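# Structure at a glance
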Amino acid sequence: MGLTLTQKILSAKVGREVKPGELIEVDVDMVLGNDVTAPVAIKEFEKIGIDRVFDNTKIALVPDHFVPNKDIKSAEQVNIMRKFAKKHGIVNFFEVGQMGIEHALLPEKGLVLPGDVVIGADSHTCTYGALTCFSTGVGSTDMAAAMATGKAWFKVPEAIKFVLKGNLQKWVSGKDVILYIIGKIGVDGALYKSMEFTGNIKALSIDDRFTIANMAIEAGAKNGIFDFDKITDAYVKGRAKREYKVFERDEDAEYSEVYEINLDEIRPQVAFPHLPENTRNIDEVGKVKIDQVVIGSCTNGRLSDMEIAYKILKGKKVHPDVRLLIFPATQEIYLECVKRGYIEEFIKAGAAVSTPTCGPCLGGHMGILAKGERALATTNRNFVGRMGHPESEVYLSSPAVAAASAIAGYIVSPEEV
Amino acid sequence: MQGKAIKYGDNIDTDVIIPARYLNTSDPQELAQHCMEDLDKEFKNKVQEGDILVVGENFGSGSSREHAPIAIKASGISCIIAKSFARIFFRNAINIGLPILECKEAVDGIEEGDIVLVDTDNGIIKNLTKGTEFKAQPFPDFIKEIMKYGGLINYVREKV
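Residues numbered from 1 in each chain as written. Chains lettered and ligands numbered in written order. Predicted model: local features only at pLDDT ≥ 70, side-chain atom pairs only at ≥ 80, totals over all residues. Heavy atoms only, no water.

Identification of chain B as 3-isopropylmalate dehydratase small subunit from Thermoanaerobacter uzonensis DSM 18761 is taken from an unreviewed UniProt entry. Taken from UniProt, the Pathway (unreviewed entry) comment for chain B reads in full: "Amino-acid biosynthesis; L-leucine biosynthesis; L-leucine from 3-methyl-2-oxobutanoate: step 2/4." Looking at the Subunit (unreviewed entry) heading of the UniProt record, one finds this comment for chain B: "Heterodimer of LeuC and LeuD." (UniProt positions renumbered as here; feature names shortened; annotations may be inferred.)

Attention now goes to the interface of chain B and chain A. With 43 residues of chain B at the contact, the number on the chain A side is 48 residues. Summing both partners gives a buried area of about 3,700 Å² for chain B against chain A, and 60% of it is carried by carbon and sulfur. Seen at the junction of chain B and chain A, the total is three salt bridges. Between Arg-91 of chain B and Asp-142 of chain A there is a salt bridge, with the nearest N and O atoms lying 2.9 Å from each other. Counting every contact that joins chain B to chain A gives 21 residue pairs in polar contact (both at pLDDT 80 or more). Of all the secondary structure elements, the ones that give two or more residues to the side of chain B that touches chain A are α1 (14–17), α4 (67–74), α5 (87–95), α7 (141–148) and α8 (152–159) of chain B. (Contact = heavy atoms within 4.5 Å. Buried area = accessible area lost by both parts, 1.4 Å probe. Salt bridge = Lys/Arg side-chain N within 4 Å of Asp/Glu carboxyl O. Polar contact = N/O pair within 3.5 Å; in protein donor to acceptor, adjacent residues only side chain to side chain. Helix = DSSP H or I, 4+ residues; strand = E, 2+ residues; numbered from the N terminus.)

Moving on, we come to the nonpolar core. Within the largest apolar cluster, 123 residues are counted, with the highest numbers of intra-cluster contacts made by Leu-61, Phe-346 and Ile-411 of chain A together with Leu-53, Phe-59, Ile-72 and Ile-80 of chain B. Counting residues per element, this core draws most heavily on helix α13 (residues 399–408) of chain A, which supplies eight residues. Look past the residues within four positions of Leu-61 of chain A in its chain and what remains in contact with it is Gly-33, Ala-38, Met-81, Phe-84, Ala-85, Ile-90, Asn-92, Phe-93, Phe-94 and Met-143 of chain A. (Core = buried A, V, L, I, M, F, W, Y, C linked by side-chain atoms within 4.5 Å. Buried < 20%, exposed > 50% of the residue type's maximum accessible area, 1.4 Å probe, protein only.)

Attention now goes to the confidence of the model for chain B. Per-residue pLDDT for chain B averages 95, and the proportion of residues at 70 or more is 100%. Interface confidence for the predicted complex, expressed as ipTM, amounts to 0.95; the pTM equals 0.97. (pLDDT = per-residue confidence, 0-100.)

Attention now goes to the layout of surface pockets. One number sums up the size of the largest pocket: a volume of about 400 Å³. Around the largest pocket sit 18 residues that line it, and Lys-155 of chain A together with Phe-90, Glu-102, Pro-140 and Ile-143 of chain B are the ones nearest its centre. Classifying every residue of the lining of the largest pocket gives 12 nonpolar, one polar and five charged. (1 Å grid on protein atoms, 1.4 Å probe; cavity = no way out; pocket = protein on both sides within 12 Å on 5 of 7 lines; lining within 4 Å. Points joined across faces, edges and corners; volume = space filled by probe spheres on them. Nonpolar A, V, L, I, M, F, W, Y, C, P; charged D, E, K, R; others polar.)

Now for empty space enclosed by the protein. Rolled over the atoms, a probe sized like a water molecule indicates the empty space that remains. Residues and elements named next belong to chain A. The full count for this structure, using the stated rule, is three cavities of 30 Å³ or more. Taken as a whole, the largest cavity encloses approximately 210 Å³ of empty space. Forming the boundary of the largest cavity are 21 residues, of which His-65, Asp-122, His-124, Leu-362 and Arg-386 lie nearest the centre. By residue class, the composition of the lining of the largest cavity is seven nonpolar, nine polar and five charged. Roughly 120 Å³ of volume is contained in the second largest cavity.

Here the focus is the side chain of Asn-92 of chain B. Among the secondary structure elements, Asn-92 of chain B is positioned in helix α5. Among residues more than four places away in sequence, those in contact with Asn-92 of chain B are Val-138, Gly-139 and Asp-142 of chain A together with Ser-64, Arg-65, Glu-66 and Pro-69 of chain B.

So, on to the sheet that holds strand β5 (residues 117–121) of chain A. Residue and element names in this part refer to chain A. The five strands lie next to each other as β4-β3-β2-β5-β6, forming an open sheet whose pairing is parallel. Only two strands of the sheet have a single partner each, and these edge strands are β4 (92–93) and β6 (134–137). Inspection of the sheet shows strand β2 (residues 30–34) paired to β5 by four bridges, in the parallel sense. Within β5, the position partnered with Met-30 by the bridge is Val-118. (Pairing = 2+ DSSP bridges.)

Looking now at helix α7 (residues 206–214) of chain A. With nine of its nine residues buried, α7 of chain A lies for the most part within the structure. Taken residue by residue, α7 of chain A has Ile-206, Asp-207, Asp-208, Arg-209, Phe-210, Thr-211, Ile-212, Ala-213 and Asn-214 of chain A as its buried positions.

Turning our eyes to something else, we now look at the side chain of Thr-211 of chain A. All names here are of chain A. Positionally, Thr-211 belongs in helix α7. When its relative accessible area of 2% is taken as the criterion, Thr-211 is described as buried. Beyond its immediate sequence surroundings of up to four residues, Thr-211 is in contact with Gly-174, Lys-175, Ile-178, Thr-299, Asn-300 and Arg-302.

Let us look at a negative patch on the surface. Together, Glu-158, Glu-248, Glu-251, Asp-252 and Glu-254 of chain A give the surface a local cluster of negative charge. Tracing the chain through its elements places Glu-248 of chain A in the loop between α8 (230–236) and β11 (257–262). (Patch = residues over 30% accessible without salt bridge, like charges linked within 9 Å, V, L, I, M, F, W, Y side chains within 5 Å. Areas by Shrake-Rupley, 256 points an atom, 1.4 Å probe, with all protein chains shown as cover. Lys, Arg positive; Asp, Glu negative; His and termini not counted. Charge placed at Lys NZ, Arg CZ, Asp CG, Glu CD.)

Once that is clear, we can look at the packing of aromatic side chains. Under the counting rule described, the total for this entry stands at 18 aromatic pairs over all chains. For the pair Phe-59 of chain B and Phe-89 of chain B, a centre-to-centre distance of 5.1 Å together with 85° between the ring planes defines the contact as edge-to-face. Linking Phe-59 of chain B in the loop between β2 (52–55) and α4 with Phe-89 of chain B in helix α5, this pair joins segments that are 30 residues apart in sequence. Take Phe-59 of chain B and Phe-89 of chain B: they sit in the same class, and that class is buried. By the ring-pair criterion, three or more aromatic residues cluster together here, those being Tyr-192 of chain A together with Phe-59, Phe-85, Phe-89, Phe-90 and Phe-139 of chain B. The ring of Tyr-235 of chain A is capped by Arg-239 of chain A, whose NZ or CZ atom sits 3.9 Å from the centre of that ring. (Phe/Tyr/Trp six-rings, centres within 6.5 Å; stacked < 30°, edge-to-face > 60°. Lys NZ or Arg CZ within 6 Å of the ring centre and 35° of its normal.)

What follows is the structure in structure tokens.
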């Protein structure tokens, strides 16, 4: 029996062929933590009683959730990271001013590469699978153990194969593809499994792929992973500062399920509260009035997301009853938006533009909802209370639908503005 | 371990187990004060030391915040029985030494308030109130070993 892409990468790391269901211990190429998870990991690391990390170049510490610090408590959490980074000479600690949202930042800096095994104490660590690596979210204790030993334990996953066909329609992006898939298989449809994307992947930009892999966790998956192609190669070239290895699945790899996804058939999608699986075609949404629109996050804060928002907002005005918040995901993306004139148009349209932060996505800061308020967001979760008051609501969509809806005041297709 | 069952449904995510507005601390006692707050405001008052959480499918979905199992453990819960767990929550619970079991039949056969006895080594769940018994899949040896040390950190400390 052949191996899936994920099983291929794990087998190479272990040095023998692994089988689904088997528990293995694997060397990791990168260990990531943020200002919510790393302080807990650092506390646990210190309990182990060793005085050095396994490799000071293979740990990334990115304060991004409550930064710039929203209060004294969060400032103290980041200080724990800062002191730990200094003490252990952690090369990849990203201070405010250089940082970005972790899952946009690490690929941009070339810190995660094809063939890598990456763990991150953040559930959206699965994003990097867009670059044909095995990358998965873990907890703080896993992070602590990996910082000490350079290893992590995994159950080798089975996989679901998604064979993409056709091309995306105008105004349809990676976000619509992944919402469509989650709507089809459910929030636990890929529980413990890999989601492997193959077929006509050239129809998807690297940013589309990051968005799709990013939300694999919303279907319960262990990881999402794309085949390697010219588009991957073009992204990685110039960023990689070390060798990397390209893996391919075996022709006869066994999958628990196989889905054919016809990209031509996908319309813009909206996920209704309170689960990402509650998806509808934009044509079936009805008139849903909104109080706030958020464009950004580790799911949709990349340059192409900003570009589509710019194209829709240019010369238009945000509806007077709507607050539009735009968060470019990294400093590099932010700067590029400034150079291209996007920021000027966003501000003229009436949007508030912010330095990179996860803030509103998780109801942390910078855009909390009051009781009864409703937001449309390009983020990844619409759980109860996710963006603020437990009686507020979050709807999920692409940046195109979000930008168009900010103008209309209710959820609309970009075709209508 | 033995305790009273507290029961919830499917897809209980880590945002309702411990909302992000409380993630600017990692103090277990402080987190326990807000455990389950957005799902059940009464949880804090009804939970007693040793109680057993009985839940549906995909428990602990969403964020990787270890604050979720930490808050549950610090609130006094001794064990979680679920139809299924979200995978990051599953490993976080094991890593911090919070016993968990997957057993669909047991979840269907236990009601809120029933007294439940759990033997995690052998995967046996007894509903003492109803006089019924269920068998969950016991953990593989590697995970039993982590649990024996009371979590991953003690296990690693032993190995390095």
